[in-house]
Amino acid sequence: MQTFWQDVRYGLRVLRRNSALSAVAVIALALGIGANSAIFSVVNAVLLRPLPYRDADRIVAIQEIGKDGSRRLVTPANFLDWRAQNTVFEHLAAILTRTSNLAGANDAERINLAITSANFFEIFGIRAQQGRLFVPDDEQAGHAPIAVISDALWQRRFGGVELVGNSITLDGKSYTVAGIAPAGFQYPDKTDVWLPPLRLAPAINDQMDVTRVRGFGFLSTVGLLKPGVPLSQAKSEMEVITARLREQYPETNNNRFNRVVSLHTYLVGDTSNVLWLLLGAVCFVLLIACANVANLLLARATSRQKEMAIRAALGASRLRVIRQLLTESSMLALLGGALGLLLALWGIDVMTTLLPKDFPRLQDINLDYAVLGFTLLVSLLTGIVFGLAPALQVSTTDIHESLKESSRGTSGGGRRNRLRNLLVVSEVALCFVLLIGAGLLFRSFLELQSVNKGFNSQRVLTMRLSPSGARFTEDAQYISFYRQAIERISAIGGVDSVGMINTLPLSKGPTTGIRIEGRPQVPPDQWPGVNYRNVSPDYFRAMDIPIVQGRALTERDNVSVPLVVLINQVAAERDFAGENPIGKRINMGGSNNGQPIWFEIVGVVANVRNIELNTEPLPDIYTSYMQDPFAGMSFVIRTALEPASLAAAVRESVQEVDREQPVAEIRSMENIVTDAVTQPRFNLVLLGIFGSIALILSAAGIYGVMSYSVTQRTPEIGIRMALGAKASDVLKMVVGQGMILVAIGIVVGLIASFALTHLMTSLLYGVSATDPITFLGISILLAGVALGACFVPARRAAKVDPLVALRYE
């Protein structure tokens, strides 16, 4: 221990004596370690940290999927069969999520509801902090309506006052608060209120017997495995049950399978691929930083050859010399880790700002003990990684040869030069891979930004209205409210047009299957699917969506005339190729007294990217809200003014119609489009930052090696110039030496990139993972930066005075 502290004290003196080199090394390491710690904090929170529930490893999610792998919501009747026939689950619960109007003394508020089966909370093993949670009787028909509210809503809306036993009003209906959920519990995410009567016992729920609903899914399902039951057994049993239901109900279940995964896997989804990719990229940055510092220490080792030779001559063992040098490198790494931790704190704040609002477990991302331990471990490992090569080089020095080389002022042998060159090649190769990744994401992002959305998002304000209460029991009352709201908003100065739609573009909405009149009948589960959109007549004008054939919807398309529908170009090409779709009729599964309800196609609308920007337009249909109104609609308000400036006036106009109806989700359409590319932007920004750091570190590494090479070869350069070599010859020689290393690094990087970029395929849009333009552009960029890094020391070498240079001899 005494010799260890001697090494530490001596190492501090060495670092202080070489303060400039130490500062450069610490900064380089801080960038690498800080970036790694920041990314690891996200990986740890999202992928590694267990879910905050009791027996979280036993909680699973069950989804229904089609033959094509598309994920679907669970049908109620299928859920009831799962619950009755399984032997692997201790509890199985269904969840229906929606929004609701919470009435208040001053204003109403739109909140998130989760309507569940009674055993929902037992799956997560939680207890109420006040009152009680659900019991089996709450699921029975005729039970008094009760609610459990989240701690977040209790504190925000009610100020944490005594609430159990009191009533709250949701959509005009009174519910008694049975209990308050524990602080921090929110499943599904952002749930404000849980209601128990998802009446899955054989009883009527409102106007629909859910026990008979098998062809249309609207539930999500979670289950708690029995102790000792592995996930594989649950998967096998659910496959058997689902196969039995397909055989028993072929008309509705023929195309329904299931997917059983851990709740953690379900929540994380495809995010894990992105995070592991970013963690791998940031490890490359750290390796480049280590290579850079190793090069610095190798250069410094030359000046310490005589010191180490004297130590060896006085009896110091090779192990003792290596330990001293590793102690110094570890101290550098720990200093870099300390500074990197500060950078990580800042980086975590930046990342949580850049991440999408629906990013899984976003609220759990922080700097905890696991991240601190990771930073310490990485710091120690990097100290060993970049310190080992110089330590081994110096410790194997021949004493007599070292003393002679030191007296001549040379570098310390060809082996050390070869190692420095190898480190430079490695830096360039790693940097090239990172820059290729960033370049591909940049090209993909440009493609995504330039995609034809099918609508004009500029100067459009959007909002959501979901009228509820005693006033709204019939379609005519919804239609009247919406019409009055449109009239009031249209009267606001600066408003050009106002439209409505049940689900805004770039948002997943309801889907349905369609049957075309006159075509051979097939089972409903084989009907071609379409996205279902319900709109007002002025929606297409407000969103600047052209009608390409036929006519638009009008105010005359109401309940007193035959039902009409518009389809988009994709649907027209898929279902009516070579035919004129105008006048054709489709059925969406509805019937009246056994007769199908037909909708006549009166127009074809231009394609719109209604799901995601990176998803090609899918078949869409548009019905009139006056013929089939939805309880919740989004307004699109085109204005000549800045959209945000109209928000207050729009809210006031709605309140003039009905003060009890809250206006929710007020934002511009441009913000919605921006949010749609938040994840691609996050990927691009981070990988771009990592690539930029790698480029700077690589350029610094090349510059350092070439500068050292010039210093080492000063006598040689002097002799060459004394014998008649021109300055341009020296310039070419030095630059050529450096660019050979760069060229080798680029070739290695090219090979590695071709092997690795296929991992990014799922993150790219409109560009190949081996895009030649990106590869060529990055090669030119990296070669150009490297040329600049080589040119500066080469120019200095070209100015060497032969007389001064020869004095080195």
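Shown above is the structure to which this text applies.
The shown structure was predicted, so the numbers you read here are calculated from the model rather than taken from an experiment.

Colleague: Which parts of the structure should I look at to understand the overall build of the chain?
Modeller: When you go through the chain residue by residue, the secondary structure sums to 24 helices and 23 strands. Residues classed as buried in the chain amount to 52% of the 809 residues present. Taking as baseline every contact in the chain between residues at least 6 positions apart, the subset at least 24 positions apart corresponds to 81%.

Colleague: Explain empty space enclosed by the protein here, please?
Modeller: Any empty space left between the atoms is revealed when a probe the size of a water molecule rolls over them. All chains considered together, the criterion is met by two cavities of 30 Å³ or more. In this structure, the second largest cavity encloses a volume near 30 Å³. Counting residues per element, the ones that place at least two in the lining of the second largest cavity are α3 (76-85) and α6 (231-248). Across the lining of the second largest cavity, the residue classes tally to two nonpolar, three polar and two charged.

Colleague: So what exactly am I meant to see when it comes to the pairing of strand β1 (residues 59-65) here?
Modeller: One face of the sheet, then the other: side chains in a regular strand alternate in exactly this way. With seven of seven residues buried, β1 lies mostly within the body of the structure. The two faces of β1 match: Ile 59, Ala 61, Gln 63 and Ile 65 on one face and Val 60, Ile 62 and Glu 64 on the other face are all buried. Pairing analysis gives four bridges linking β1 to strand β10 (residues 220-225), with the strands arranged antiparallel. By the bridge assignment, Ile 62 is partnered in β10 with Thr 221.

Colleague: Just to check I follow, could you spell out the pattern of salt bridges for this structure?
Modeller: Side chains that differ in charge, positive against negative, can pair when their charged atoms come close. One pass over the full model with this rule turns up 23 salt bridges. Here Glu 109 makes a salt bridge to Arg 157, at a shortest N to O gap of 3.0 Å. Note that Glu 109 is positioned in strand β4 (residues 109-116) and Arg 157 in helix α5 (residues 151-158), a separation of 48 residues in sequence. The buried category is assigned to Glu 109, whose relative accessible area is 16%. A salt bridge links Glu 656 to Arg 488; its shortest N-O distance comes to 3.0 Å. Of the two residues, Glu 656 is situated in helix α18 (residues 647-657) and Arg 488 in helix α15 (residues 475-490); the sequence distance between them amounts to 168 residues. When its relative accessible area of 44% is taken as the criterion, Glu 656 is described as partly exposed. Residues participating in the shared-partner salt-bridge network are Arg 54, Asp 55, Arg 58 and Glu 90.

Colleague: In this structure, what is going on with the environment of Ser 497? I would like to understand it.
Modeller: Of note, Ser 497 is situated in strand β13 (residues 495-501). Overall, Ser 497 belongs to the buried group, its relative accessible area being 5%. For Ser 497 and Val 636, which are 139 residues apart along the polypeptide, the C-alpha to C-alpha distance reads 8.3 Å. Contacts of Ser 497, omitting those with residues within four sequence positions, involve Arg 541, Ala 542, Val 636, Ile 637 and Arg 638.

Colleague: What exactly am I supposed to notice about helix α22 (residues 727-756) here?
Modeller: Note: α-helices contain 3.6 residues per turn, so residues at a spacing of three or four share the same orientation. Compared with the 44 Å implied by 1.5 Å per residue over 30 residues, the 43 Å span of α22 between its first and last C-alpha is a close match. Inspection of α22 places Val 730, Val 734, Val 735, Gly 738, Leu 741, Val 742, Gly 745, Ile 746, Gly 749 and Ser 753 among the buried residues, and these make up the whole buried set.

Colleague: Help me out: how do you make sense of the packing of aromatic side chains in this one?
Modeller: Aromatic ring pairs: the centre-centre distance and the angle between the two ring planes describe each pair. Considering all chains together, one arrives at 21 aromatic pairs under this definition. Both rings, one in Tyr 539 and one in Phe 540, keep their centres 5.5 Å apart while their planes meet at 70 degrees; by these two values the pair is edge-to-face. This pair shows no difference in class: Tyr 539 is buried, exactly as Phe 540 is. An angle of 20 degrees between the planes, with centres 4.7 Å apart, marks the rings of Phe 754 and Phe 775 as stacked. Taken as a pair, Phe 754 in helix α22 and Phe 775 in helix α23 (residues 772-798) lie far apart in primary sequence, 21 residues in all. You can call Phe 754 partly exposed: its relative accessible area is 47%.

Colleague: When you look at the environment of Pro 145 in this model, what are you seeing that I'm missing?
Modeller: Structurally, Pro 145 is set in the loop between β5 (130-131) and β6 (146-149). Setting aside residues up to four positions removed in sequence, Pro 145 forms contacts with Lys 173, Ser 174, Tyr 175 and Thr 176.

Colleague: It is not clear to me how the packing of helix α21 (residues 714-722) against α22 should be interpreted in this structure. Could you clarify?
Modeller: When two helices pack together, their arrangement is given by the angle between the helix axes and by the axis-to-axis distance. The contact between α21 and α22 brings their axes to 10 Å, and the two run at 145 degrees. As α21 runs across α22, the sense of the crossing is right-handed. Counted together, Glu 716, Ile 717, Arg 720 and Met 721 of α21 and Ala 727, Val 730 and Met 733 of α22 form the full contact between these two elements. Residues that form the contact of α21 with α22 fall into these classes: five nonpolar, no polar and two charged.

Colleague: Help me understand a nonpolar patch on the surface, please; the structure alone is not making it clear to me.
Modeller: Together, Ile 27, Leu 31, Leu 339, Leu 342, Leu 343 and Leu 345 line one region of the surface with nonpolar side chains, adding up to about 480 Å² of accessible area. The set of elements that each furnish at least two residues to the nonpolar patch consists of α2 (19-48) and α11 (318-354). Along the chain, Leu 345 falls in helix α11. The partly exposed category is assigned to Leu 345, whose relative accessible area is 39%.

Colleague: Looking at this structure, how should I read unusual backbone geometry?
Modeller: With an omega dihedral of -10 degrees, the bond running from Tyr 187 to Pro 188 counts as a cis peptide bond. Turning to its location among the elements, Pro 188 is positioned in the loop between β8 (173-180) and β9 (193-195). Although it is not a glycine, Arg 361 adopts a positive phi angle of roughly 60 degrees. Unusually for a residue other than glycine, Glu 665 sits at a positive phi of about 55 degrees. Assignment of secondary structure puts Glu 665 in strand β23 (residues 663-668).

Basis of the calculations
Residues numbered from 1 in each chain as written. Predicted model: local features only at pLDDT ≥ 70, side-chain atom pairs only at ≥ 80, totals over all residues. Heavy atoms only, no water. Helix = DSSP H or I, 4+ residues; strand = E, 2+ residues; numbered from the N terminus. Buried < 20%, exposed > 50% of the residue type's maximum accessible area, 1.4 Å probe, protein only. Contact = heavy atoms within 4.5 Å. 1 Å grid on protein atoms, 1.4 Å probe; cavity = no way out; pocket = protein on both sides within 12 Å on 5 of 7 lines; lining within 4 Å. Points joined across faces, edges and corners; volume = space filled by probe spheres on them. Nonpolar A, V, L, I, M, F, W, Y, C, P; charged D, E, K, R; others polar. Pairing = 2+ DSSP bridges. Salt bridge = Lys/Arg side-chain N within 4 Å of Asp/Glu carboxyl O. Expected span 1.5 Å × (residues − 1). Phe/Tyr/Trp six-rings, centres within 6.5 Å; stacked < 30°, edge-to-face > 60°. Axes fitted to C-alpha atoms, helices over the stretch in contact; angles between N-to-C directions. Left-handed = near helix turned anticlockwise from the far one by under 90°. Patch = residues over 30% accessible without salt bridge, like charges linked within 9 Å, V, L, I, M, F, W, Y side chains within 5 Å. Areas by Shrake-Rupley, 256 points an atom, 1.4 Å probe, with all protein chains shown as cover.

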